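Given next are the chains, with one letter for each unit.
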Amino acid sequence: MIPVILSGGSGTRLWPLSRGHYPKQFLPLVSSHTMVQETLLRLDGIDGLKAPLAVCNEDHRFMMAEQLWEIGAKPAAIILEPTGRNTAPAVAMAALTATSEDDILLILPADHVISNLVAFHSAIVQAKALAEQGFLVTFGIVPTEPETGYGYIKADTVQHGAAFGVAAFVEKPDVDTAKRYLQSGGYYWNSGMFAFKAGSFLSELEKFNPKMLAICRQALNAAKVDLDFIRLDRELFATCPADSIDYAVMEKTDKAVVIPLDAGWNDVGSWSALWDVTEKDTFGNAISGDVLTVDTHNSFIHAQSKLVAVIGAHDLVIVETDDAVMISPKDRVQEVKQIVAQLKERGRSEADIHRKAYRPWGHYDLVDTGERHQTKRIVVKPGGKLSVQKHHHRAEHWVVVKGTALVTKGEEKLLITENESIYIPLGIVHCLENPGVIPLEIVEVQSGSYLGEDDIVRFGDEYGRI
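Just so it is clear, the model here is predicted, and its values are computed rather than measured. (Residues numbered from 1 in each chain as written. Predicted model: local features only at pLDDT ≥ 70, side-chain atom pairs only at ≥ 80, totals over all residues. Heavy atoms only, no water.)

## Some points on the overall build of the protein
The test is simple: Helix numbers and strand numbers start at the N terminus; a helix is a DSSP run of H or I with at least 4 residues, a strand a run of E with at least 2. In this setup the radius of gyration rests on C-alpha atoms only. A globule is expected at 2.2 Å times the number of residues raised to 0.38. Here, residues are in contact when the closest pair of their heavy atoms is within 4.5 Å. Residue exposure ignores everything except the shown protein chains as possible cover, and the areas themselves are Shrake-Rupley values with a 1.4 Å probe. Neither His nor the chain termini are counted; the positive set is Lys and Arg, and the negative set is Asp and Glu. Here the site of a charge means atom NZ of a Lys, CZ of an Arg, CG of an Asp or CD of a Glu.
The helix and strand tally for the protein stands at 11 helices and 30 strands. Its C-alpha radius of gyration of 24 Å places the protein within 12% of the 23 Å reference for a compact globule of 466 residues. Looking at the protein alone, contacts between residues at least 24 apart form 68% of all its contacts between residues at least 6 apart. Accessible area of the protein: about 21200 Å², with a carbon and sulfur share of 51%. For the protein, the distance from the average site of its 45 positive side-chain charges to the average site of its 61 negative ones is 3 Å.

As structure tokens, then:
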């Protein structure tokens, strides 16, 4: 069985912590591990698992690789989508990448919480047995309330071991309909998790959407392999129909079965959902960071960079980051998407990026900015190296505050240690790298007429950026 990690998402529902370039699956929301890492770690103890496959947006490739490396996971491949086309093409790419059509794919979205691992593992074992018989298995979550935010799966009465046949997939209902589903029984939340043979899925996709499969084959055949990354052909993949696995295959096939799963599942689709699964104090508050409260109850309060003091609040969500603060009643947090839409309409960067930006070599934090200057705190991992580059519009001053920097400045190579500095004039080809075994920290002051990140002319880059 091959775990397939699906890592999509637009980073809107948990704004401002989640952003377009840093969606929720890469955040440590419910433990010290990120949600991507938890998706794999919760499989520990299941026999017969092969190296995982991951499918993610091209912009997220280094975060995915880094987070898998941190937990010792060695993926068979990380498939890079140049643009999102929904889950059906993503699963098709995984199936086409599998070493054999008899390989069973365990399709796992990267942003779920599952608390009962015994029940989860048992369901996976049952799903594997059914997948070996040619069934396309989906996991239906036993509903606990009349939820209107999920699609539902209606099971029929035909039983296949631990599973039932699928009578229908139904759209997100209104409250009255959801209540009727609960009362009638036989309805399950659609988890978006699946198990099937690679060949079984491809055969059904060929039957119901041959154009999608043909384009996926073409894009994969024209892909470029770079280390663990498979870079799909951009132009070909852009012509692929965008569709979910439910619409493209599962609603049409006669091989679909659903296994009821009662395992403490949550897709953390909102701040209120995160409050549901987070440990709380005696007043019902889920608190993270430097927070002080007085007469505050049943609230979610997250402080990232500042002291947050809350008085007399009830049923609120308060989230503070380096560059934004969001406050909402818990029952209106879904409307945060409207804030993100306004940010995008106004061309504001807070919709997509944090003040702290992650790169394959480390990260930087934009500490201060002015009309003709900006200051960054740059951290370079041991062995990390920035691209060989120059700038047309800015000069840079670097002060090393921790570690040792190997600096290329024109034809010179210089070692700069703690409390030493160097000046990089405008137009000079330069490079910064960390030759040491501890993180390198520098303070960079940029000055010039234009300070945008696109004022970079790269001459060489270890990470394939251009």
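## Comments concerning the packing of helix α3 (residues 87-97) against helix α7 (residues 210-221)
We apply this condition: Working convention: axes come from line fits to C-alpha atoms, limited for helices to the stretch in contact. Angles between N-to-C directions cover 0 to 180 degrees. Under this scheme an angle from 65 to 115 degrees is roughly perpendicular, one under 35 degrees roughly parallel, and one over 145 degrees roughly antiparallel; angles in between are oblique. By definition, turning the near helix anticlockwise from the far helix through less than a right angle yields a left-handed crossing, and turning it clockwise yields a right-handed one. Side-chain classes are defined by residue name, with Ala, Val, Leu, Ile, Met, Phe, Trp, Tyr, Cys and Pro counting as nonpolar, Asp, Glu, Lys and Arg as charged, and the others, Gly among them, as polar.
Between α3 and α7, whose axes approach to 10 Å, the crossing angle comes to 55 degrees. As judged from the angle between their axes, α3 and α7 are oblique. Seen along the crossing, α3 lies across α7 with a hand that is right-handed. In this structure, α3 uses Ala 88, Pro 89, Ala 92, Met 93, Leu 96 and Thr 97 to contact α7, whose residues at the interface are Met 212, Leu 213, Cys 216, Arg 217, Ala 219 and Leu 220. Its residues assigned to classes, the contact of α3 with α7 comprises 10 nonpolar, one polar and one charged.

## Quick look at the sheet that holds strand β21 (residues 362-369)
The pairing of strands in a sheet happens through backbone hydrogen bonds and is either parallel or antiparallel. As a reminder, the rule being used: Pairs of strands are assigned from DSSP output, requiring at least two bridges between the strands.
Strand order in the open sheet made by the six strands is β20-β21-β22-β29-β24-β27, with antiparallel pairing throughout. Looking at which strands have only one partner, the edges of the open sheet turn out to be β20 (356-359) and β27 (421-424). For this sheet, the mean angle separating the axes of adjacent strands, direction not counted, is 20 degrees. Where strand β24 (residues 394-402) lies against strand β29 (residues 440-448), eight bridges are found, and the strand directions are antiparallel. Paired with Val 399 across the strands is Val 443, a residue of β29.

## Focus: the pairing of β29
Of the pairings in the sheet, the one linking strand β22 (residues 373-380) to β29 comprises eight bridges and is antiparallel in character. In the strand pairing of β29, His 373 is matched with Ser 447.

## Comments concerning the pattern of salt bridges
This is how the line gets drawn: Criterion for a salt bridge: a side-chain nitrogen of Lys or Arg within 4 Å of a carboxyl oxygen of Asp or Glu. In this scheme, a residue with accessible area under 20% of its type's maximum is buried, one over 50% is exposed, and one in between is partly exposed, where area comes from a 1.4 Å probe on protein chains only.
Following the criterion strictly, the structure yields 18 salt bridges and no others. In this structure, Glu 204 and Lys 255 form a salt bridge, with 3.8 Å as the shortest nitrogen-oxygen distance. In this pair, Glu 204 is assigned in helix α6 (residues 198-208) and Lys 255 in the loop between α9 (245-250) and β12 (256-261), connecting sequence segments 51 residues apart. Residue Glu 441 is joined to Arg 377 by a salt bridge in which the shortest nitrogen-to-oxygen separation is 3.2 Å. Linking Glu 441 in strand β29 with Arg 377 in strand β22, this pair joins segments that are 64 residues apart in sequence. When its relative accessible area of 32% is taken as the criterion, Arg 377 is described as partly exposed. In this structure, a network of salt bridges that share partners links the residues Glu 58, Asp 226, Arg 231 and Arg 234.

## Some words on unusual backbone geometry
Cis geometry is adopted by the peptide bond preceding Pro 16, which originates at Trp 15 and carries an omega value of 10 degrees. Structurally, the position occupied by Pro 16 is in the loop between β1 (2-7) and α1 (35-41). Look at Asn 86: it is not a glycine, yet its phi comes out positive at around 75 degrees. In this structure, Asn 86 sits in the loop between β3 (77-81) and α3. In this structure, Asp 315 takes a positive phi of about 55 degrees despite not being glycine. In this structure Asp 315 comes out as partly exposed when scored by relative accessible area, which is 37%.

## Observations concerning the sheet that holds strand β18 (residues 316-320)
The strand order across the open sheet built from four strands is β14-β16-β18-β19, with neighbouring strands paired in mixed fashion. Looking at the sheet topology across the chains shown, the edges are occupied by β14 (286-288) and β19 (325-329). Strand-to-strand twist of the sheet, defined as the mean angle between neighbouring strand axes without regard to direction, takes the value 5 degrees. Pairing of β14 with strand β16 (residues 300-303) involves three bridges; the strand directions are parallel. When the sheet's bridge partners are listed, Ala 286 is paired in β16 with Phe 300.

## Let's talk about α3
With eight of 11 residues buried, α3 is to be regarded as a mostly interior element. For α3, every residue scored as buried is listed here: Ala 88, Pro 89, Ala 90, Val 91, Ala 92, Met 93, Ala 94 and Ala 95.

## Here we look at the packing of aromatic side chains
The geometry of an aromatic ring pair is captured by two quantities: the separation of the ring centres and the angle between the planes. The condition that has to hold: Each Phe, Tyr or Trp ring (for Trp, its six-membered ring) is paired with any other whose centre lies within 6.5 Å, and the angle between the two planes then decides the class: stacked below 30 degrees, edge-to-face above 60, tilted in between.
In the structure shown here, the tally under the stated rule is nine aromatic pairs. A ring pair is formed by Phe 62 and Phe 229, whose centres lie 6.0 Å apart and whose planes are at 85 degrees; its orientation type is edge-to-face. Note that Phe 62 is positioned in helix α2 (residues 61-70) and Phe 229 in strand β11 (residues 229-231), a separation of 167 residues in sequence. The exposure class of Phe 229 is buried, given its relative accessible area of 7%. Here Tyr 181 and Tyr 187 contribute two aromatic rings whose centre-to-centre distance is 4.0 Å and whose plane-to-plane angle is 10 degrees, an arrangement assigned as stacked. Like Tyr 187, Tyr 181 is buried.

Keep in mind that these numbers describe shape and distance, not what the molecule does.
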